[in-house]
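The chain contents come next:
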Amino acid sequence: MNRRDAIKLTAAAALLTALSATAEEEVFKNREEMKPENPAKLQESELKHTPQITIGKKDAKGYTPVSITVGQGGIIHPSTPEHWIDFVELYADKKRVGKSELEAEISRGAVTFAVKLDQVKTLTAKAGCNLHGIWTSTLAL
Ligand SMILES: [Fe+2]
């Protein structure tokens, strides 16, 4: 392969990557941000979709496990080919910690991030249901 072909190939690969990323963003972008009717008293469908944030014990390197599970009050969101949690995101204050994209059936809405929480005041988790929008919960530290 000569240099010109290598440049063309690199450009084509970059274009494909950009298009692929754009298609994935489109899947998540057009979802409605959901809010419970009464945050103090969640209904069953709201309990099923609201992420629960659990903080573990800080490790020797200063990272604290922050687990997000989708579903509260003993109600776990389903994970079937037709209906599942397809992503979970975590924010420390306004900074995104990470995003996990999840596959139906083989996984469910449960993710753990290791986070430096020293200066963090709030954690916000977002969970995307393929049918029922994006659900958010916030935990003040
Ligand atoms: Fe759902």
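Here is a short report on the structure shown in this document. Quantities reported herein were computed from a predicted structural model and do not represent experimental measurements.

About the cut-offs
- All residue numbers refer to position in the chain's written sequence, counted from 1.
- It should be noted that, the model being predicted, local features are given only for residues of pLDDT at least 70 and side-chain atom pairs only at 80 or more, the latter also being counted only at that level, while totals for whole chains, interfaces and linings use all residues.
- Excluded from the side-chain calculations are hydrogens and water; all other atoms, namely the structure's heavy atoms, are used.
- Buried, partly exposed and exposed residues are distinguished by accessible area as a fraction of the type maximum, computed with a 1.4 Å probe on protein chains only: under 20%, between the cut-offs, and over 50%, respectively.
- Secondary structure elements follow DSSP: runs of H or I of four or more residues count as helices, runs of E of two or more count as strands, with numbering from the N terminus.
- Strands are treated as partners if at least two bridges between them are detected by DSSP.
- Distances up to 2.8 Å from the metal define which N, O and S atoms are donors, and 3.2 Å serves for Na, K and Ca; water is absent from the atom set, so sites may look incomplete.

1. Quick look at the pairing of strand β6 (residues 110-115)
Walk down a regular strand and you will see the side chains alternate between the two sheet faces.
Then comes step 1: Burial along β6 is one-sided: Val111, Phe113 and Val115 are buried, while Ala110, Thr112 and Ala114, pointing the other way, are not.
Then comes step 2: Bridging between strand β3 (residues 64-70) and β6 involves six bridges; their strand directions are antiparallel. Each bridged residue has a counterpart across the sheet, and for Ser67 the counterpart in β6 is Thr112.

2. Structural notes on the coordination of the iron ion
Then comes step 1: Looking at the iron ion, one finds its protein donor set to be His49 (NE2), His77 (NE2), His83 (NE2), Cys129 (SG) and His132 (ND1), positioned 2.1 to 2.3 Å from the metal centre.
Then comes step 2: Along the chain, the residues donating to the iron ion are arranged with the sequence spacing H-x27-H-x5-H-x45-C-x2-H. One end of the pair, His49, is in helix α2 (residues 44-49); the other, His83, is in the loop between β3 and β4 (85-92), with 34 residues separating them in the sequence. Take His49 and His83: they sit in the same class, and that class is buried.

3. Quick look at unusual backbone geometry
Then comes step 1: Its identity is not glycine, yet Asp93 carries a phi of approximately 55°, on the positive side.
Then comes step 2: Locating Asp93 in the fold gives a position in the loop between β4 and β5 (95-101).
Then comes step 3: By relative accessible area, which is 31% here, Asp93 ends up partly exposed.
Then comes step 4: Not every positive phi belongs to a glycine, and Glu105 is a case in point at roughly 65°.
Then comes step 5: Within the secondary structure, Glu105 is located in the loop between β5 and β6.
Then comes step 6: Judged by its relative accessible area of 57%, Glu105 is exposed.

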